[in-house]
Amino acid sequence: MALRLADAFTARAVATMWDSWKKSQATAPYLGRSLFGTIYSPNLELKYITGEDDVPVQLKAANYDAQAPLRNPIGFSTIQQEMPFFRESYMVSEKDRAEYEKLVANSDQSFAQDVLRRISMNPIKLVEAADVVPERMIWSILAPADGIPKITVAVDGGDTYNIAYTADNGVAFKAKHFAKITDATKKWSVPATATPIADLTNMKKTFRANTGNELRHIFMNDATWQAFLNAEDTKKQVQGVLAYNAGLYLNEVDARAYLLNRLGLIAHVYNKGYKATEGAATLTSFIPDYVITGAAGETPRLGNVFYGPTPEMMTGVEAGGTVSIVNTGVSIYNYTDGHPFKHHCVVSEIVLPSFEGINNIFILNANASA
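Anyway, here's the lowdown on the structure attached to this text. All of these numbers come straight from a predicted model, not from anything done at the bench. (Residues numbered from 1 in each chain as written. Predicted model: local features only at pLDDT ≥ 70, side-chain atom pairs only at ≥ 80, totals over all residues. Heavy atoms only, no water.)

Here we look at unusual backbone geometry
Moving on, step 1. With a phi angle near 65°, Tyr 290 is a residue other than glycine that sits in the positive phi range.
Moving on, step 2. Note that Tyr 290 resides in the loop between strand 11 (284–285) and strand 12 (291–296).
Moving on, step 3. Looking at Tyr 290, the relative accessible area reads 21%, which means it is partly exposed.
Moving on, step 4. Backbone geometry places Thr 328, a non-glycine residue, at a positive phi of 75°.
Moving on, step 5. A residue is classified by how much of its surface remains accessible, and Thr 328, at 42% relative accessible area, is partly exposed. (Helix = DSSP H or I, 4+ residues; strand = E, 2+ residues; numbered from the N terminus. Buried < 20%, exposed > 50% of the residue type's maximum accessible area, 1.4 Å probe, protein only.)

Some details on the side chain of Thr 211
Moving on, step 1. Mapped onto the elements of the fold, Thr 211 is located in helix 7 (residues 196–211).
Moving on, step 2. A distance of 2.7 Å separates a polar side-chain atom of Thr 211 from the backbone oxygen of Phe 207.
Moving on, step 3. There is a polar contact of 3.1 Å between the side chain of Thr 211 and the backbone nitrogen of Asn 213. (Polar contact = N/O pair within 3.5 Å; in protein donor to acceptor, adjacent residues only side chain to side chain.)

Side note on the nonpolar core
Moving on, step 1. Counting 64 residues, the largest nonpolar core has Phe 36, Trp 139, Leu 142 and Phe 355 as its most contacted members.
Moving on, step 2. The greatest single-element share of this core, amounting to 15 residues, is contributed by helix 5 (residues 109–142).
Moving on, step 3. Counting 28 residues, the second largest nonpolar core, distinct from the first, contains Trp 225, Ile 292, Ala 296 and Phe 362. (Core = buried A, V, L, I, M, F, W, Y, C linked by side-chain atoms within 4.5 Å.)

Thoughts on the packing of aromatic side chains
Moving on, step 1. In the structure shown here, the tally under the stated rule is eleven aromatic pairs.
Moving on, step 2. Relative to Tyr 270, the ring of Trp 139 lies with its centre 5.7 Å away and its plane at 35°, an arrangement referred to as tilted. With a gap of 131 residues between them, Trp 139 in helix 5 and Tyr 270 in the loop between strand 9 (266–269) and strand 10 (273–274) connect regions that are remote in the sequence. The pair Trp 139 / Tyr 270 is uniform in exposure class, with both members buried.
Moving on, step 3. Both rings, one in Tyr 333 and one in Tyr 335, keep their centres 5.3 Å apart while their planes meet at 25°; by these two values the pair is stacked.
Moving on, step 4. Linked through ring pairs, Tyr 30, Trp 139, Phe 219, Tyr 270, Tyr 274 and Phe 286 together constitute an aromatic cluster. (Phe/Tyr/Trp six-rings, centres within 6.5 Å; stacked < 30°, edge-to-face > 60°.)

Some details on the sheet that holds strand 7 (residues 178–180)
Moving on, step 1. One open sheet holds the five strands; their spatial order is 7-17-12-8-9, and the pairing between them is mixed. Looking along the sheet, the strands with just one partner apiece sit at the ends: strand 7 and strand 9. Within the sheet, the average angular offset between the axes of one strand and its neighbour, ignoring direction, is 20°.
Moving on, step 2. Summarising the sheet, strand 12 and strand 17 (residues 361–365) pair through five bridges and their orientation is antiparallel. Bridge pairing in strand 17 links Thr 293 to Ile 363.
Moving on, step 3. Across the sheet, helix 7 lies against strand 8 (215–220), strand 12 and strand 17, angled at about 145° from strand 17, the strand it touches most. (Pairing = 2+ DSSP bridges. Axes fitted to C-alpha atoms, helices over the stretch in contact; angles between N-to-C directions. Contact = heavy atoms within 4.5 Å.)

Here we look at the packing of helix 8 (residues 222–230) against helix 9 (residues 232–239)
Moving on, step 1. Two numbers describe how helix 8 lies on helix 9: the axes approach to 5 Å, and their chain directions differ by 65°. One element, helix 8, and the other, helix 9, form an angle in the roughly perpendicular class. Within the contact between the two elements, helix 8 uses Phe 228, Leu 229 and Asn 230 and helix 9 uses Glu 232, Thr 234 and Lys 235. (Parallel < 35°, antiparallel > 145°, perpendicular 65-115°, else oblique.)

What follows is the structure, given as structure tokens:
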């Protein structure tokens, strides 16, 4: 016989269904999360140290048997932020509860399980939404259109505030890690005169001159990638003049190979997005249009996504509910009201990415307004 709803609609059951549903979707993981580790922290503050990754300076010449001259220590800055809190809930209506209990009473287990799955899909959607939050945060600091890594958090019915990853509103960071194209004839939105390959070449040269390192990966959304492919200059350089004059179609595979063989760049086109608000008609791309982010290293690891303890983790069981943790730090909390008879599921997370690899990226805005 099927369980009563209070016994079946538990945090553990929702967590188990989430794991099963996630596997059944067989969707690719978020790209941003592949560049960041995942850590659970018992603290509500995120504290990490960033260093000035400048070009190495050669050792000073010295005399034998003499005291070694002191070098100024590398400048380190400590970034400390309070981790933001996210929470939403879902309530099982008395009508859904009555429908389920009726099926249980009639021993109609097959239909009862179908109703239970339908009820549980709403909390699963909340867990899915919880995963959007750190991904949005990651690309807010990896691909800001204005070149300033920061995260904007809007509290429902409350204030909007920014979490800064630079100490001077990005002035020092932008000087070494950001460029923008403001010339109307060179913007990537103007295919007749844009020069994307030259822009990416300059991006590499600037990063090398400022850091001594080489960009290896570039990330952009599909709109930006199509602008790269559609530029007449790209077609000429990748295809060659003869093929270009013959009007042949530019093969995307050839364009990727050209970037890899000529510039040593691996192009990642990431077109996933999210709905900024419930009921929004269109998706917001994680990476803004015409923003290209370069990263150094064969397998970049730019920081970690930190999760903290939510109130539900700490007091949910004591309050008489059930609690499960999924995805390292997303809590699922289920409880039942005595009257009216309502079942609730609360999904919450305290999450914020660190950005130790801030000096290993370069951002290009290929269509800046000013």
